[in-house]
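What follows is the residue order along each chain.
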Amino acid sequence: MFFRLLPTLILMLVLVSVVLYLIPQETLTRYMGEGSGIAGWITAALFGSVALIPGFIAYPLCGILIKSGVAYSVIAVFITTLMMTGFLTLPVEAKYFGWKVSVIRNLVSLAAALLIGLIMGFFL
């Protein structure tokens, strides 16, 4: 299983590395750092809701982002929306569960992610 995942893992790490190289650290800190506030959470929620990144890539990525100056509360929102929402996959989900259930589930998950960011911001 590891060898089947290895090409995907390497490709994702290369893509993430290139993107992080192209985005200056100051830009990351400005939009998602400690002083970004609710705008940082919304940015993280948007990226997390549309990204199709597997967990084994997302967690190391978040470690890199923290070292770059991104706030823990923003990381919490990003990783929570990444795992719990899926606006790009909404049509597929709606096919099986219906639009009403799918939209409500995604909106509740988004609200929960913002609440988790608030709680993380309070404690860290």
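Sequence positions are assigned chain by chain, starting from 1 and proceeding in written order. Since the coordinates come from a predicted model, pLDDT governs what is reported: local features require at least 70, and pairs of side-chain atoms require 80 or more to be given and counted, while whole-chain, interface and lining totals use all residues. Water and hydrogen atoms play no part in the side-chain values, which are based on all heavy atoms of the structure.

A. Expanded view of the packing of helix α6 (residues 90-97) against helix α7 (residues 99-123). Put simply, α6 and α7 touch, their axes get as near as 7 Å, and they point 130° apart. Between α6 and α7, the crossing angle belongs to the class labelled oblique. You can see that α6 and α7 cross each other, and the crossing is right-handed. Between α6 and α7, the residues in contact are Leu90, Pro91, Glu93, Ala94 and Phe97 and Trp99, Val101, Ser102, Val103, Arg105 and Asn106, respectively. Its residues assigned to classes, the contact of α6 with α7 comprises 7 nonpolar, 2 polar and 2 charged. Note on method: axes are straight lines fitted to C-alpha atoms, helices fitted across the in-contact stretch only, with angles between N-to-C directions ranging 0 to 180 degrees. Only DSSP runs of H or I with at least four residues qualify as helices, and only runs of E with at least two residues qualify as strands; both kinds are numbered from the N terminus onward. Roughly parallel means an angle under 35 degrees; roughly antiparallel, over 145; roughly perpendicular, 65 to 115; everything else is oblique. Left-handed describes a crossing whose near helix is turned anticlockwise from the far helix by less than a right angle; the clockwise case is right-handed. Contacts were defined at the residue level, with two residues in contact if any of their heavy atoms lie within 4.5 Å. Any residue that is not Ala, Val, Leu, Ile, Met, Phe, Trp, Tyr, Cys, Pro, Asp, Glu, Lys or Arg is counted as polar, Gly included; the first ten are nonpolar and the last four charged.

B. Up close: the pattern of salt bridges. Any Lys or Arg side-chain nitrogen found within 4 Å of a carboxyl oxygen on Asp or Glu counts as a salt bridge. Under the counting rule described, the total for this entry stands at 1 salt bridge. Between Arg105 and Glu93 there is a salt bridge, with the nearest N and O atoms lying 2.7 Å from each other. Placement of the pair is Arg105 in helix α7 and Glu93 in helix α6, with a sequence separation of 12 residues. Burial status follows relative accessibility: with a 1.4 Å probe on protein chains alone, a residue under 20% of its type maximum counts as buried, one over 50% as exposed, and anything between as partly exposed. A residue is classified by how much of its surface remains accessible, and Arg105, at 33% relative accessible area, is partly exposed. For Glu93, a relative accessible area of 13% gives the class buried.

C. Fine view of a nonpolar patch on the surface. Like-charged residues within 9 Å of one another, or nonpolar side chains (Val, Leu, Ile, Met, Phe, Trp, Tyr) within 5 Å, are grouped into patches, provided each residue has over 30% relative accessible area and no salt bridge. Accessible surface area values rest on a Shrake-Rupley calculation with a 1.4 Å probe, where residue burial reflects the displayed protein chains alone. Nonpolar side chains collect at one region of the surface, where Ile10, Val14, Val18, Val19, Tyr21, Leu22 and Ile23 lie side by side and expose about 700 Å² of accessible area between them. Position of Ile10 among the secondary structure elements: in helix α1 (residues 2-22). In this structure Ile10 comes out as partly exposed when scored by relative accessible area, which is 46%.

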